[in-house]
Amino acid sequence: MTPSLLRNFVVLFDLFVILATTTSAQGPPAVSGETLTTRFWDCCKPSCGWNGKASVTDPVRSCDKNDSPINDFNAGSLCAEGGSATTCTSQQPWAVNDTFSYGFAGVYISGHDKELENFWCCACYQLDFTSDPLKGKTMIVQASNTAYDVKANRFSLAVPGGNTTSDTCAKQFGVEQTVFGEMGSGVTSLENCDSLPDALKPGCEWRFNWFNDTLYPTANFKRVTCPTELTSKTGCIRKDENASSSLSPAITSALVVASFVALLLSA
Ligand SMILES: *[C@@H]1O[C@H](CO)[C@@H](O)[C@H](O)[C@H]1NC(C)=O
Ligand SMILES: *[C@@H]1O[C@H](CO)[C@@H](O)[C@H](O)[C@H]1NC(C)=O
Ligand SMILES: *[C@@H]1O[C@H](CO)[C@@H](O)[C@H](O)[C@H]1NC(C)=O
Ligand SMILES: *[C@@H]1O[C@H](CO)[C@@H](O)[C@H](O)[C@H]1NC(C)=O
(Lines give C-alpha, C1' and ligand atoms only; values in the text may rest on other atoms or scores of the structure.)
(Ligands and ions follow the chains in the order given, each with its own letter.)
Protein backbone atom coordinates (compact mmCIF):
# COMPACT_ATOMS: atom_id res chain seq x y z
CA MET A 1 0.00 0.00 0.00
CA THR A 2 1.26 3.47 -0.78
CA PRO A 3 1.46 5.85 2.17
CA SER A 4 -1.46 7.92 0.90
CA LEU A 5 -3.64 4.85 0.39
CA LEU A 6 -2.76 3.64 3.87
CA ARG A 7 -3.51 7.11 5.19
CA ASN A 8 -6.95 7.14 3.56
CA PHE A 9 -7.62 3.65 4.85
CA VAL A 10 -6.67 4.62 8.41
CA VAL A 11 -8.81 7.76 8.32
CA LEU A 12 -11.79 5.73 7.10
CA PHE A 13 -11.18 3.13 9.80
CA ASP A 14 -11.09 5.82 12.49
CA LEU A 15 -14.34 7.27 11.19
CA PHE A 16 -15.88 3.81 11.21
CA VAL A 17 -14.83 3.09 14.81
CA ILE A 18 -16.11 6.46 16.01
CA LEU A 19 -19.39 6.07 14.12
CA ALA A 20 -19.87 2.48 15.32
CA THR A 21 -19.30 3.36 18.96
CA THR A 22 -21.45 6.48 18.95
CA THR A 23 -24.39 4.91 17.10
CA SER A 24 -24.50 1.42 18.65
CA ALA A 25 -26.49 1.85 21.83
CA GLN A 26 -25.32 -0.29 24.69
CA GLY A 27 -27.68 -3.07 25.67
CA PRO A 28 -27.91 -6.73 26.60
CA PRO A 29 -26.82 -9.52 24.21
CA ALA A 30 -29.36 -10.19 21.44
CA VAL A 31 -31.64 -13.13 22.27
CA SER A 32 -34.97 -13.79 20.59
CA GLY A 33 -37.38 -16.49 19.50
CA GLU A 34 -40.92 -17.82 19.68
CA THR A 35 -42.44 -19.27 22.80
CA LEU A 36 -45.47 -20.79 24.41
CA THR A 37 -46.50 -19.26 27.72
CA THR A 38 -47.88 -21.10 30.72
CA ARG A 39 -48.68 -19.99 34.28
CA PHE A 40 -47.41 -20.89 37.73
CA TRP A 41 -47.50 -19.66 41.32
CA ASP A 42 -45.95 -22.29 43.50
CA CYS A 43 -44.96 -20.29 46.62
CA CYS A 44 -41.45 -21.76 46.37
CA LYS A 45 -38.23 -19.80 46.57
CA PRO A 46 -37.59 -18.60 42.98
CA SER A 47 -34.90 -20.71 41.36
CA CYS A 48 -32.91 -17.57 40.46
CA GLY A 49 -32.93 -16.69 44.17
CA TRP A 50 -29.90 -18.86 44.99
CA ASN A 51 -26.29 -17.73 44.96
CA GLY A 52 -24.19 -18.69 41.96
CA LYS A 53 -26.92 -19.14 39.33
CA ALA A 54 -25.72 -16.29 37.08
CA SER A 55 -23.44 -13.26 37.07
CA VAL A 56 -25.71 -10.77 38.87
CA THR A 57 -25.61 -8.03 41.50
CA ASP A 58 -27.69 -10.14 43.91
CA PRO A 59 -29.89 -13.20 43.33
CA VAL A 60 -33.67 -12.70 43.09
CA ARG A 61 -35.10 -11.58 46.41
CA SER A 62 -37.06 -14.20 48.38
CA CYS A 63 -39.38 -13.52 51.29
CA ASP A 64 -40.44 -15.27 54.45
CA LYS A 65 -44.04 -16.30 55.17
CA ASN A 66 -44.79 -12.73 56.30
CA ASP A 67 -43.53 -11.28 53.01
CA SER A 68 -40.39 -9.78 54.57
CA PRO A 69 -37.23 -10.11 52.44
CA ILE A 70 -34.80 -12.84 53.53
CA ASN A 71 -31.22 -11.62 53.43
CA ASP A 72 -29.64 -15.09 53.38
CA PHE A 73 -29.60 -16.24 49.75
CA ASN A 74 -28.74 -19.76 50.94
CA ALA A 75 -31.99 -20.05 52.93
CA GLY A 76 -33.94 -23.20 52.00
CA SER A 77 -37.17 -23.08 50.01
CA LEU A 78 -40.55 -23.40 51.72
CA CYS A 79 -41.18 -26.12 49.12
CA ALA A 80 -38.49 -28.27 50.70
CA GLU A 81 -38.39 -29.86 54.15
CA GLY A 82 -37.39 -27.27 56.78
CA GLY A 83 -37.10 -24.38 54.30
CA SER A 84 -38.62 -20.94 54.84
CA ALA A 85 -37.97 -18.92 51.67
CA THR A 86 -40.93 -18.24 49.42
CA THR A 87 -41.89 -15.97 46.52
CA CYS A 88 -42.29 -12.31 47.56
CA THR A 89 -45.87 -11.31 46.73
CA SER A 90 -44.60 -8.22 44.87
CA GLN A 91 -43.32 -10.52 42.10
CA GLN A 92 -46.76 -10.76 40.47
CA PRO A 93 -47.93 -9.20 37.17
CA TRP A 94 -49.57 -5.80 36.79
CA ALA A 95 -51.02 -3.85 33.88
CA VAL A 96 -49.67 -0.42 32.97
CA ASN A 97 -52.36 0.13 30.32
CA ASP A 98 -54.60 -1.95 28.00
CA THR A 99 -51.69 -3.15 25.89
CA PHE A 100 -48.74 -3.27 28.28
CA SER A 101 -48.00 -5.24 31.46
CA TYR A 102 -45.00 -6.05 33.65
CA GLY A 103 -44.37 -9.40 35.30
CA PHE A 104 -42.02 -12.22 36.22
CA ALA A 105 -41.51 -15.62 34.65
CA GLY A 106 -39.99 -19.05 34.90
CA VAL A 107 -37.96 -19.23 31.71
CA TYR A 108 -36.41 -21.93 29.56
CA ILE A 109 -34.61 -21.05 26.34
CA SER A 110 -33.59 -23.99 24.18
CA GLY A 111 -30.13 -24.26 22.70
CA HIS A 112 -28.40 -23.22 25.93
CA ASP A 113 -28.22 -26.53 27.73
CA LYS A 114 -24.68 -25.88 28.97
CA GLU A 115 -25.45 -22.45 30.45
CA LEU A 116 -29.06 -22.96 31.53
CA GLU A 117 -29.88 -20.49 34.34
CA ASN A 118 -26.58 -18.71 33.83
CA PHE A 119 -28.07 -17.69 30.47
CA TRP A 120 -31.47 -16.39 31.61
CA CYS A 121 -31.64 -15.78 35.37
CA CYS A 122 -32.62 -12.12 35.94
CA ALA A 123 -32.57 -11.26 32.24
CA CYS A 124 -35.61 -9.31 31.02
CA TYR A 125 -37.58 -10.20 27.93
CA GLN A 126 -40.25 -8.42 25.95
CA LEU A 127 -43.10 -10.76 25.06
CA ASP A 128 -45.17 -9.68 22.07
CA PHE A 129 -48.20 -11.96 22.12
CA THR A 130 -49.02 -13.58 18.79
CA SER A 131 -52.26 -15.44 19.54
CA ASP A 132 -55.77 -14.03 19.91
CA PRO A 133 -57.13 -12.35 21.96
CA LEU A 134 -53.76 -11.11 23.24
CA LYS A 135 -52.31 -10.23 19.83
CA GLY A 136 -51.07 -6.63 20.01
CA LYS A 137 -50.41 -6.82 23.75
CA THR A 138 -46.91 -6.74 25.21
CA MET A 139 -45.33 -7.72 28.51
CA ILE A 140 -41.85 -7.16 29.84
CA VAL A 141 -40.92 -9.89 32.28
CA GLN A 142 -37.85 -10.65 34.34
CA ALA A 143 -36.71 -14.27 34.55
CA SER A 144 -36.93 -14.98 38.27
CA ASN A 145 -37.36 -18.70 37.85
CA THR A 146 -36.78 -21.61 35.51
CA ALA A 147 -39.30 -23.73 33.60
CA TYR A 148 -37.42 -27.00 33.83
CA ASP A 149 -40.29 -29.26 32.82
CA VAL A 150 -39.76 -28.75 29.10
CA LYS A 151 -36.68 -28.56 26.91
CA ALA A 152 -38.20 -25.96 24.59
CA ASN A 153 -38.62 -22.20 24.68
CA ARG A 154 -40.98 -21.52 27.56
CA PHE A 155 -42.11 -18.53 29.59
CA SER A 156 -44.20 -19.57 32.55
CA LEU A 157 -45.78 -16.38 33.89
CA ALA A 158 -45.89 -15.94 37.65
CA VAL A 159 -49.63 -15.43 38.26
CA PRO A 160 -51.06 -15.89 41.78
CA GLY A 161 -53.78 -18.53 41.69
CA GLY A 162 -52.79 -19.15 38.05
CA ASN A 163 -51.77 -22.77 38.58
CA THR A 164 -51.55 -25.15 41.49
CA THR A 165 -48.83 -27.76 41.59
CA SER A 166 -48.33 -28.48 45.32
CA ASP A 167 -49.70 -27.49 48.72
CA THR A 168 -46.94 -25.01 49.54
CA CYS A 169 -49.18 -21.94 49.16
CA ALA A 170 -51.54 -23.42 51.74
CA LYS A 171 -48.52 -23.87 54.02
CA GLN A 172 -47.40 -20.25 53.46
CA PHE A 173 -50.74 -18.60 54.14
CA GLY A 174 -52.38 -21.09 56.51
CA VAL A 175 -55.39 -21.61 54.23
CA GLU A 176 -56.87 -24.59 52.39
CA GLN A 177 -55.01 -25.35 49.17
CA THR A 178 -58.37 -25.25 47.32
CA VAL A 179 -58.20 -21.44 47.72
CA PHE A 180 -55.52 -21.56 45.01
CA GLY A 181 -57.75 -23.52 42.67
CA GLU A 182 -57.42 -26.73 40.76
CA MET A 183 -54.29 -28.76 40.17
CA GLY A 184 -52.73 -27.80 36.86
CA SER A 185 -54.90 -24.74 36.19
CA GLY A 186 -55.55 -22.67 39.33
CA VAL A 187 -58.71 -20.73 40.15
CA THR A 188 -61.47 -20.71 37.56
CA SER A 189 -63.05 -17.24 37.81
CA LEU A 190 -62.44 -13.61 38.70
CA GLU A 191 -64.71 -14.08 41.74
CA ASN A 192 -62.44 -16.88 43.01
CA CYS A 193 -59.60 -14.37 43.23
CA ASP A 194 -61.48 -12.88 46.20
CA SER A 195 -60.61 -15.94 48.28
CA LEU A 196 -56.87 -15.47 47.82
CA PRO A 197 -54.74 -13.75 50.46
CA ASP A 198 -55.13 -9.95 49.99
CA ALA A 199 -51.59 -9.38 48.72
CA LEU A 200 -52.15 -11.84 45.86
CA LYS A 201 -55.58 -10.71 44.67
CA PRO A 202 -54.40 -8.06 42.14
CA GLY A 203 -52.20 -10.50 40.19
CA CYS A 204 -54.99 -13.10 40.18
CA GLU A 205 -57.48 -10.52 38.86
CA TRP A 206 -54.95 -9.40 36.21
CA ARG A 207 -55.33 -12.83 34.63
CA PHE A 208 -59.10 -12.43 34.14
CA ASN A 209 -58.84 -8.80 33.02
CA TRP A 210 -55.73 -7.81 31.05
CA PHE A 211 -54.71 -11.40 30.23
CA ASN A 212 -58.27 -12.41 29.18
CA ASP A 213 -57.83 -15.72 31.04
CA THR A 214 -56.03 -17.14 28.03
CA LEU A 215 -54.58 -20.62 28.08
CA TYR A 216 -51.09 -21.15 26.64
CA PRO A 217 -50.91 -17.97 24.51
CA THR A 218 -47.90 -17.77 22.19
CA ALA A 219 -45.47 -14.87 21.92
CA ASN A 220 -42.34 -13.61 20.23
CA PHE A 221 -39.68 -12.89 22.84
CA LYS A 222 -36.58 -10.73 22.77
CA ARG A 223 -34.14 -9.76 25.47
CA VAL A 224 -34.37 -6.12 26.61
CA THR A 225 -32.66 -3.99 29.22
CA CYS A 226 -34.32 -4.62 32.56
CA PRO A 227 -36.52 -1.74 33.70
CA THR A 228 -36.18 -0.59 37.31
CA GLU A 229 -39.91 -1.33 37.71
CA LEU A 230 -38.87 -5.01 37.78
CA THR A 231 -35.37 -4.95 39.26
CA SER A 232 -36.58 -2.88 42.21
CA LYS A 233 -38.80 -5.83 43.15
CA THR A 234 -36.18 -8.57 42.70
CA GLY A 235 -32.98 -6.67 43.56
CA CYS A 236 -31.31 -8.62 40.74
CA ILE A 237 -29.42 -7.04 37.81
CA ARG A 238 -27.30 -9.07 35.39
CA LYS A 239 -23.72 -7.99 34.79
CA ASP A 240 -24.18 -8.36 31.02
CA GLU A 241 -26.88 -5.69 30.69
CA ASN A 242 -24.48 -3.51 28.65
CA ALA A 243 -22.62 -6.31 26.88
CA SER A 244 -23.92 -5.82 23.34
CA SER A 245 -21.77 -2.83 22.41
CA SER A 246 -19.42 -4.93 20.26
CA LEU A 247 -16.31 -2.97 21.20
CA SER A 248 -15.69 -2.03 24.81
CA PRO A 249 -14.74 1.64 25.36
CA ALA A 250 -11.17 0.64 26.34
CA ILE A 251 -10.64 -1.42 23.18
CA THR A 252 -12.16 1.34 21.07
CA SER A 253 -9.79 4.02 22.41
CA ALA A 254 -6.82 1.69 22.00
CA LEU A 255 -7.81 1.12 18.36
CA VAL A 256 -8.19 4.85 17.71
CA VAL A 257 -4.81 5.64 19.28
CA ALA A 258 -3.12 2.83 17.33
CA SER A 259 -4.55 4.02 14.03
CA PHE A 260 -3.52 7.63 14.71
CA VAL A 261 0.01 6.40 15.32
CA ALA A 262 -0.19 4.53 12.00
CA LEU A 263 -1.48 7.72 10.41
CA LEU A 264 1.49 9.74 11.72
CA LEU A 265 3.98 7.06 10.59
CA SER A 266 2.44 6.93 7.11
CA ALA A 267 2.40 10.71 6.69
C1 LIG B 1 -49.46 -25.76 35.32
O2 LIG B 1 -48.19 -26.31 35.59
C3 LIG B 1 -47.96 -27.60 35.01
C4 LIG B 1 -46.61 -28.09 35.47
O5 LIG B 1 -45.60 -27.20 35.12
C6 LIG B 1 -48.06 -27.47 33.50
O7 LIG B 1 -47.91 -28.73 32.90
C8 LIG B 1 -49.39 -26.86 33.11
O9 LIG B 1 -49.42 -26.64 31.71
C10 LIG B 1 -49.60 -25.54 33.82
N11 LIG B 1 -50.91 -25.00 33.52
C12 LIG B 1 -51.07 -23.80 32.96
C13 LIG B 1 -52.49 -23.36 32.77
O14 LIG B 1 -50.15 -23.07 32.63
C1 LIG C 1 -48.68 1.66 27.49
O2 LIG C 1 -47.53 1.77 28.31
C3 LIG C 1 -46.31 1.55 27.62
C4 LIG C 1 -45.19 1.53 28.66
O5 LIG C 1 -45.21 2.66 29.45
C6 LIG C 1 -46.13 2.64 26.59
O7 LIG C 1 -44.92 2.41 25.89
C8 LIG C 1 -47.29 2.60 25.64
O9 LIG C 1 -47.19 3.69 24.73
C10 LIG C 1 -48.61 2.71 26.39
N11 LIG C 1 -49.69 2.48 25.46
C12 LIG C 1 -50.82 3.18 25.48
C13 LIG C 1 -51.84 2.80 24.48
O14 LIG C 1 -51.00 4.08 26.30
C1 LIG D 1 -60.35 -9.16 26.88
O2 LIG D 1 -60.55 -8.46 28.11
C3 LIG D 1 -61.03 -7.14 27.96
C4 LIG D 1 -61.14 -6.56 29.36
O5 LIG D 1 -59.87 -6.36 29.88
C6 LIG D 1 -62.39 -7.16 27.29
O7 LIG D 1 -62.80 -5.82 27.07
C8 LIG D 1 -62.27 -7.87 25.96
O9 LIG D 1 -63.55 -8.02 25.42
C10 LIG D 1 -61.67 -9.25 26.14
N11 LIG D 1 -61.48 -9.85 24.84
C12 LIG D 1 -61.75 -11.10 24.59
C13 LIG D 1 -61.56 -11.53 23.17
O14 LIG D 1 -62.12 -11.86 25.45
C1 LIG E 1 -25.20 -0.06 31.98
O2 LIG E 1 -24.95 1.26 31.54
C3 LIG E 1 -25.74 2.24 32.23
C4 LIG E 1 -25.50 3.58 31.56
O5 LIG E 1 -24.12 3.79 31.37
C6 LIG E 1 -25.38 2.21 33.73
O7 LIG E 1 -26.16 3.15 34.43
C8 LIG E 1 -25.63 0.81 34.27
O9 LIG E 1 -25.21 0.73 35.63
C10 LIG E 1 -24.90 -0.24 33.46
N11 LIG E 1 -25.35 -1.55 33.92
C12 LIG E 1 -24.51 -2.56 34.19
C13 LIG E 1 -25.14 -3.81 34.69
O14 LIG E 1 -23.31 -2.49 34.04
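Just above, that's the structure.
Since the structure is predicted, the reported quantities are computational estimates derived from the model, not experimental observations. (Residues numbered from 1 in each chain as written. Chains lettered and ligands numbered in written order. Predicted model: local features only at pLDDT ≥ 70, side-chain atom pairs only at ≥ 80, totals over all residues.)

1. A word on the overall build of the chain
In terms of regular secondary structure, the chain is built from six helices and 10 strands. When the 267 residues of the chain are sorted by exposure, 37% land in the buried category. In the chain, 72% of the contacts between residues at least 6 apart in sequence involve partners at least 24 apart. (Helix = DSSP H or I, 4+ residues; strand = E, 2+ residues; numbered from the N terminus. Buried ≥ 20, exposed ≤ 12 C-beta atoms within 10 Å, placed from the backbone. Contact = placed C-beta atoms within 7 Å.)

2. Describing the site of ligand 4
In the region of ligand 4, the neighbouring residues are Q26, I237, K239, E241 and N242. Its residues assigned to classes, the shell around ligand 4 shows one nonpolar, two polar and two charged. (Near = placed C-beta within 6 Å. Nonpolar A, V, L, I, M, F, W, Y, C, P; charged D, E, K, R; others polar.)

3. Re unusual backbone geometry
The omega torsion across D132 and P133 is 0°, close enough to zero to call that bond cis. With respect to the helices and strands, the residue P133 is situated in the loop between strand 7 (124-129) and strand 8 (138-146). The backbone of L116 sits at a positive phi, close to 45°, despite the residue not being glycine. With respect to the secondary-structure elements, L116 resides in the loop between strand 6 (100-108) and helix 2 (117-120). The exposure class of L116 is partly exposed, given the 15 C-beta atoms found within 10 Å. One non-glycine residue, Y216, adopts positive backbone phi at about 55°. With respect to the element layout, Y216 can be found in the loop between helix 4 (201-208) and strand 10 (218-224). Assessed through the 9 C-beta atoms surrounding it within 10 Å, Y216 is described here as exposed.

4. Some points on helix 4
Along helix 4, the residues that are buried comprise G203, C204, W206 and R207. All buried residues of helix 4 fall inside an arc of 150° around its axis, so they share one side. (Arc of directions from axis to C-beta.)

5. Digging into the environment of P160
Residue placement: P160 occurs in the loop between strand 9 (154-158) and helix 3 (168-173). When the 29 C-beta atoms within 10 Å are taken as the criterion, P160 is described as buried. Non-local contacts of P160, meaning those with residues more than four positions away in its chain, are made with W41, Q92, L196, L200, G203 and C204.

6. Considering the environment of T38
Here T38 is to be found in strand 1 (residues 32-40). With 177 residues separating them along the chain, T38 and L215 place their C-alpha atoms 7.2 Å apart. Residues within four places of T38 in sequence aside, it is in contact with R154, S156 and Y216.

7. Looking at the site of ligand 3
Residues in close proximity to ligand 3 include P133, N209, W210 and N212, which together make up its full environment. Considering only residue class, the shell around ligand 3 consists of two nonpolar, two polar and no charged.

8. Points about the pairing of strand 1
Bridge count between strand 1 and strand 10: five bridges; the pairing is antiparallel. Counterpart to G33 in the pairing with strand 10 is F221. For strand 1 and strand 9, the ladder comprises five bridges, and the chain directions are parallel. The residue of strand 9 that forms the bridge with T38 is S156. (Pairing = 2+ DSSP bridges.)

9. Some remarks on the nonpolar core
A105, V107, C122, L127, V141, A143 and F155 are the most contacted members of the largest nonpolar core, which has 45 residues in total. Among the secondary structure elements, those contributing two or more residues to this core are strand 6, strand 7, strand 8, strand 9 and strand 10. Setting aside residues up to four positions removed in sequence, C122 forms contacts with C48, A54, V56, V60, Q142, A143, T234, C236, I237 and R238. (Core = buried A, V, L, I, M, F, W, Y, C linked by C-beta atoms within 7 Å.)

10. Structural notes on the sheet that holds strand 2 (residues 62-63)
On the basis of which strands lie adjacent, the open sheet formed by three strands has the order 3-2-4 and antiparallel pairing. The outermost strands of the open sheet, each flanked by one partner alone, are strand 3 (69-70) and strand 4 (86-87). With two bridges joining them, strand 2 and strand 3 adopt antiparallel strand pairing. Residue C63 lies in a different strand from strand 3, and its bridge partner there is P69.

11. A word on the pairing of strand 9
In terms of burial, strand 9 is largely enclosed, as five of its five residues are buried. Neither face of strand 9 is left uncovered, since the one carrying R154, S156 and A158 and the one carrying F155 and L157 both have all their residues buried. Two elements, strand 6 and strand 9, share four bridges in a ladder whose sense is antiparallel. Bridge assignment links G106 to a residue of strand 9, and that residue is S156.

Interpretation in functional terms is not warranted from these geometric data alone.
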